[in-house]
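Inside the fold
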Amino acid sequence: MREFTKSKQKKVTAVQLEYQTLAKSLEPPRPVLRNCYRAFIAGGAICFLGEALMKMFQTYFGFTEQTAGNPTVAVLILLSAILTSLGVYDKLAQWAGAGSAVPVTGFANSLCSAAIEHKREGLVLGTGGNMFKLAGSVIVFGTVAAFAVGMIHWIIGIKG
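The name that an unreviewed UniProt entry assigns to the protein is Stage V sporulation protein AC, with the source organism given as Paenibacillus phyllosphaerae.

What follows is the structure in structure tokens.
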């Protein structure tokens, strides 16, 4: 086994090592604190918008605290899809980095981007097929996780 791992390791020549050293020295430093600040501001703004929408649904439309979440998520998804189609969400993502990847809006952006990118390939094979490539893994792992949690709940319910 040890011989196999050694044969898989690529030997770095002196020229390659020199190039790597030169590339690292010319690479600009990463502004980690600035990136964290931007992610915090953007993610916080998206979450603040979600909270404001929830309060609006509770105050003006008579939803309870438990039921206001569904229309809030729907509005956030719709806003993310509209902003993605207008090219605004991508500019926000470039500025905010990980802060724009708040689960609901980031996932909607990913799906809309895939749909827009592949729309000329056709409605089913282009748009639908490429959206499913992205969403398929989420659906599969979500279903498996729901099954596992359901089985645990069922077992605890029988014994407890």
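Between its first and last C-alpha atoms helix H3 (residues 32-61) spans 42 Å; for 30 residues at 1.5 Å apiece the expected length is 44 Å, and the two agree. Those residues of H3 not exposed but buried are Ala 39, Ala 42, Gly 43, Ile 46, Gly 50, Leu 53, Met 54 and Phe 57. Summarising the contacts, the buried residues of H3 are in contact with helix H4 (69-85), helix H5 (88-96) and helix H6 (103-117). With its phi angle positive at about 75°, Gly 62 sits one or two positions after the end of H3.

Attention now goes to the state of the cysteines. For the coordinates displayed, the defined rule picks out 0 disulfides. In this model Cys 36 remains outside any disulfide bridge; the closest cysteine sulfur is found in Cys 47, 16 Å from its own. Exposure remark for Cys 36: the relative accessible area of 47% places this residue in the partly exposed category. Cys 47 supplies the cysteine sulfur nearest to Cys 112, a cysteine that is in no disulfide, at a spacing of 19 Å.

At a closest axis distance of 9 Å, the pairing of H3 and H4 adopts a crossing angle of 135°. Relative to H4, the element H3 lies oblique. In the crossing of H3 with H4, the sense of the turn from one axis to the other is right-handed. Residue-level contacts link Leu 49, Gly 50, Leu 53, Met 54 and Phe 57 of H3 to Gly 69, Pro 71, Thr 72, Val 75, Leu 76 and Leu 79 of H4. Taken together, the residues that form the contact of H3 with H4 break down as 8 nonpolar, 3 polar and no charged.

Let us look at a nonpolar patch on the surface. A cluster of nonpolar side chains, namely Leu 78, Ile 82, Leu 83, Leu 86 and Val 88, defines an oily patch on the protein surface of about 450 Å² accessible area. Assignment of secondary structure puts Leu 78 in helix H4.

A few words on the UniProt feature "transmembrane region" (unreviewed entry) in the protein. Using the residue numbers shown here, the UniProt feature "transmembrane region" (unreviewed entry) corresponds to residues 39-57, 69-89 and 136-156. In this annotation, residues 39-57 is assigned 100% helix and 0% strand; the end-to-end C-alpha distance for the span is 27 Å. Segment residues 69-89 splits into 90% helix and 0% strand. End C-alpha atoms: 22 Å apart.

What counts and what doesn't
Position numbers for residues start from 1 in each chain and track the written sequence from start to end. Only residues with pLDDT of 70 or above have their local features reported here, since the model is predicted, and side-chain atom pairs are shown and tallied only from 80 upward, although totals for entire chains, interfaces and linings are computed over all residues. Values shown for side chains rest on all heavy atoms present in the structure; no hydrogens or waters enter the calculation. The helix and strand labels rest on DSSP assignments: H or I over at least four residues marks a helix, E over at least two residues marks a strand, and numbering proceeds from the N terminus. Here a helix's expected span is defined as the number of its residues, less one, multiplied by 1.5 Å. Think of it in three bands: with a 1.4 Å probe and only protein chains considered, a residue is buried below 20% of the maximum accessible area for its type, exposed above 50%, and partly exposed in between. The criterion used for residue contact is that any of the two residues' heavy atoms lie within 4.5 Å. A pair of cysteine sulfur atoms is labelled a disulfide when the two atoms are within 2.5 Å. Lines fitted to C-alpha atoms define the axes, with helix axes restricted to the stretch in contact, and inter-axis angles between N-to-C directions lie between 0 and 180 degrees. By the definition adopted for this analysis, an angle is roughly parallel if under 35 degrees, roughly antiparallel if over 145, roughly perpendicular if from 65 to 115, and oblique otherwise. Crossing handedness follows the turn of the near helix against the far one: under a right angle anticlockwise gives a left-handed crossing, and clockwise gives a right-handed one. Under this grouping Gly is polar, as are all residues other than the nonpolar Ala, Val, Leu, Ile, Met, Phe, Trp, Tyr, Cys and Pro and the charged Asp, Glu, Lys and Arg. Nonpolar side chains (Val, Leu, Ile, Met, Phe, Trp, Tyr) within 5 Å and like charges within 9 Å form the patches, drawn only from residues with over 30% relative accessible area and no salt bridge. A 1.4 Å probe and the Shrake-Rupley method give the accessible areas. Residues count as covered only by the protein chains that appear here. The rule for a salt bridge is simple: a side-chain nitrogen of Lys or Arg has to be within 4 Å of a carboxyl oxygen of Asp or Glu. UniProt positions are given in the numbering used here, feature names are shortened, and annotations may be inferred rather than shown by experiment.

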